[in-house]
Amino acid sequence: MKILVTGGCGYIGSHTCVELLDANYEIVVIDNFSNSKPDVIDKIKQITGKDFTFYEGDVQDKELLNKIFKENKIDAAIHFAGFKAVGESVAKPLMYYRNNLDTTLSLLEVMNDHNCKKIVFSSSATVYGKPDTLPIKETAPLSTTNPYGTTKLMIEDILRDVYKSDNTWSIAILRYFNPIGAHKSGLIGENPNGIPNNLMPYIVKVATHELDHLNVFGNDYNTKDGTGVRDYIHVVDLAKGHISAINYVLNHTGCDTYNLGTGHGYSVLDLVNTFKEVNHVEVAYQITDRRPGDIDACYADPSKAKEILNWEANLEIEEMCKDAYNFVQKDNN
Ligand code: WQD
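Note that this is a predicted model, so its numbers are computed, not measured.

**Side note on the overall build of the protein**
Looking only at helices and strands, one finds 11 helices and 14 strands in the protein. Against the globule reference of 20 Å for 333 residues, the protein gives a C-alpha radius of gyration of 19 Å, in line with a compact fold. Considered along the principal axes of its C-alpha atoms, the protein spans approximately 55 × 45 × 40 Å. With 333 residues in all, the protein has 56% of them scored as buried. Averaging the positions of the 32 positive and the 45 negative side-chain charges in the protein gives two centres separated by 3 Å.

**Focus on the pairing of strand β8 (residues 214–217)**
Burial along β8 is one-sided: L214 and V216 are buried, while N215 and F217, pointing the other way, are not. Bridge count between β8 and strand β13 (residues 285–288): four bridges; the pairing is parallel. Across the sheet, the residue bridging to F217 is T288, located in β13.

**Focus: the site of the ligand**
What surrounds the ligand is a group of 19 residues, the closest being Y148, L199, N215, R230 and D294. Measuring from an oxygen atom of the ligand, one finds a backbone N or O atom of L199 at 2.8 Å. Between an oxygen atom of the ligand and a side-chain N or O atom of R230, the distance comes to 2.7 Å. Considering the ligand on its own, with 680 Å² of exposed area, one finds that the protein chains cover 89% of that surface.

**Here we look at the sheet that holds strand β3 (residues 53–56)**
Paired through their backbone hydrogen bonds, the strands of a sheet run either parallel or antiparallel. Spatially, β3-β2-β1-β4-β5-β6-β11 is the arrangement adopted by the seven strands of the open sheet, whose pairing is parallel. The two strands at the open ends of the sheet, each matched to only one other strand, are β3 and β11 (254–260). Here the average twist between neighbouring strands, direction ignored, is 15 degrees.

**Considerations on helix α5 (residues 93–113)**
Taking 1.5 Å per residue as the helical rise, α5 with its 21 residues ought to reach 30 Å, and the 30 Å between its terminal C-alpha atoms agrees with that figure. If you check which residues of α5 are buried, you get Y96, N99, N100, L101, T103, T104, S106, L107, L108, V110 and M111. Of the surrounding secondary structure, the elements contacted by the buried residues of α5 are β1 (2–6), α3 (62–71), β4 (76–79), α4 (86–91), β5 (118–124) and α6 (147–165). Phi turns positive, to about 55 degrees, at N115, one or two residues after α5.

**A short note on the side chain of T6**
Here T6 shows up in strand β1. Using a relative accessible area of 0% as the deciding quantity, one classes T6 as buried. Of note is the side chain of T6, whose polar atom sits 3.0 Å from the backbone nitrogen of F80. Reaching out from T6, the side chain makes a polar contact with the backbone nitrogen of A81 at a distance of 3.1 Å. With residues up to four places along the chain from it excluded, the contact list for T6 reads I30, V59, I78, H79, F80, A81 and L107.

**Some remarks on the environment of L108**
One can find L108 in helix α5. What makes L108 buried here is its relative accessible area of 6%. In sequence terms L108 and Y325 are 217 residues apart; their C-alpha atoms lie 38 Å from each other.

**Considerations on the packing of aromatic side chains**
Across all of its chains, the model carries four aromatic pairs by this definition. If you follow R290 out to its NZ or CZ, it ends over the ring of Y221, 4.0 Å from the centre. The residue whose ring lies beneath K304 is Y258, and the NZ or CZ to ring-centre distance is 5.2 Å.

Definitions and limits used
- Residues numbered from 1 in each chain as written.
- Predicted model: local features only at pLDDT ≥ 70, side-chain atom pairs only at ≥ 80, totals over all residues.
- Heavy atoms only, no water.
- Helix = DSSP H or I, 4+ residues; strand = E, 2+ residues; numbered from the N terminus.
- Rg over C-alpha atoms; globule rule 2.2 N^0.38 Å.
- Buried < 20%, exposed > 50% of the residue type's maximum accessible area, 1.4 Å probe, protein only.
- Lys, Arg positive; Asp, Glu negative; His and termini not counted.
- Charge placed at Lys NZ, Arg CZ, Asp CG, Glu CD.
- Pairing = 2+ DSSP bridges.
- Near = heavy atom within 4 Å.
- Polar contact = N/O pair within 3.5 Å; in protein donor to acceptor, adjacent residues only side chain to side chain.
- Areas by Shrake-Rupley, 256 points an atom, 1.4 Å probe, with all protein chains shown as cover.
- Axes fitted to C-alpha atoms, helices over the stretch in contact; angles between N-to-C directions.
- Expected span 1.5 Å × (residues − 1).
- Contact = heavy atoms within 4.5 Å.
- Phe/Tyr/Trp six-rings, centres within 6.5 Å; stacked < 30°, edge-to-face > 60°.
- Lys NZ or Arg CZ within 6 Å of the ring centre and 35° of its normal.

In structure tokens:
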């Protein structure tokens, strides 16, 4: 079986490529390196000992996509390619709508033209907005508070409409909670350039003294210690969720959504203290004002993915913290 992976050099994409190759899938990767580095290709090959086909380019480029489908018999696609920074999307909404929607529409049109109608889509728990009840089920109300989240919800709706128009499609929409950590080899992981938006990469940069201290965005939330609670999931568990989803879409038709989370919520201070303890490092922090748009708590009910995809997260918060630190210590810049 041959799987097209868009954005396969990115943080979650690269970990998913490793799991696909380890599961004996053939893969074809397309990436324009807008949020990834070319050396990831060799690192995926080094980890797995396997080769794969790579095309550098933009998923908006239908000519390139047609070339890929003409040169490869693609059985299904996993669609990661897209911009994903919440803050940036607020500042540059048109860039986010153009990129995230055009990549998806181009991909779906070319897949349809080549009669390839099986896709796993990278969505996000951000489509739940501020949840009314916890843990969050897939049937929870959907609402978005930023253009990034809105593109994810719009793409989910596009996929649902595609299936309504042609029920021979097989579509799995995966709603990620908070992916953190890195492959045990320390060869791939998340180390964004500059000031990170997300908590774990920021903690790591403070631990390695690249940044002076962490700003904890508020300690007056309605949580056990007042700091924000999230469902952190090891990126390798998340990647394995894509293998379960691709196995499912290859053997079924339909269109459905699945939460990929652990079902456990951890506060900002839980993560900081666990990181310090397992890595034997200091992480200086200051409590500051809330970040606009942040919610008190968010964590998944992952039972549907367990029941239908036969997937559940296994790795604990301690391993997430160890693996995140191990990656940057292997001097991956
Ligand atoms: C986690 C917690 C912050 C940074 C976002 C996107 C979501 C997904 C994951 C793409 C919150 C606190 C953070 C810092 C802090 N991305 N925090 N200091 O906001 O839950 O989710 O990333 O799909 O779509 O919305 O993740 O890591 O930014 O924040 O105190 O410097 O850490 O307030 O409570 P978030 P995050």
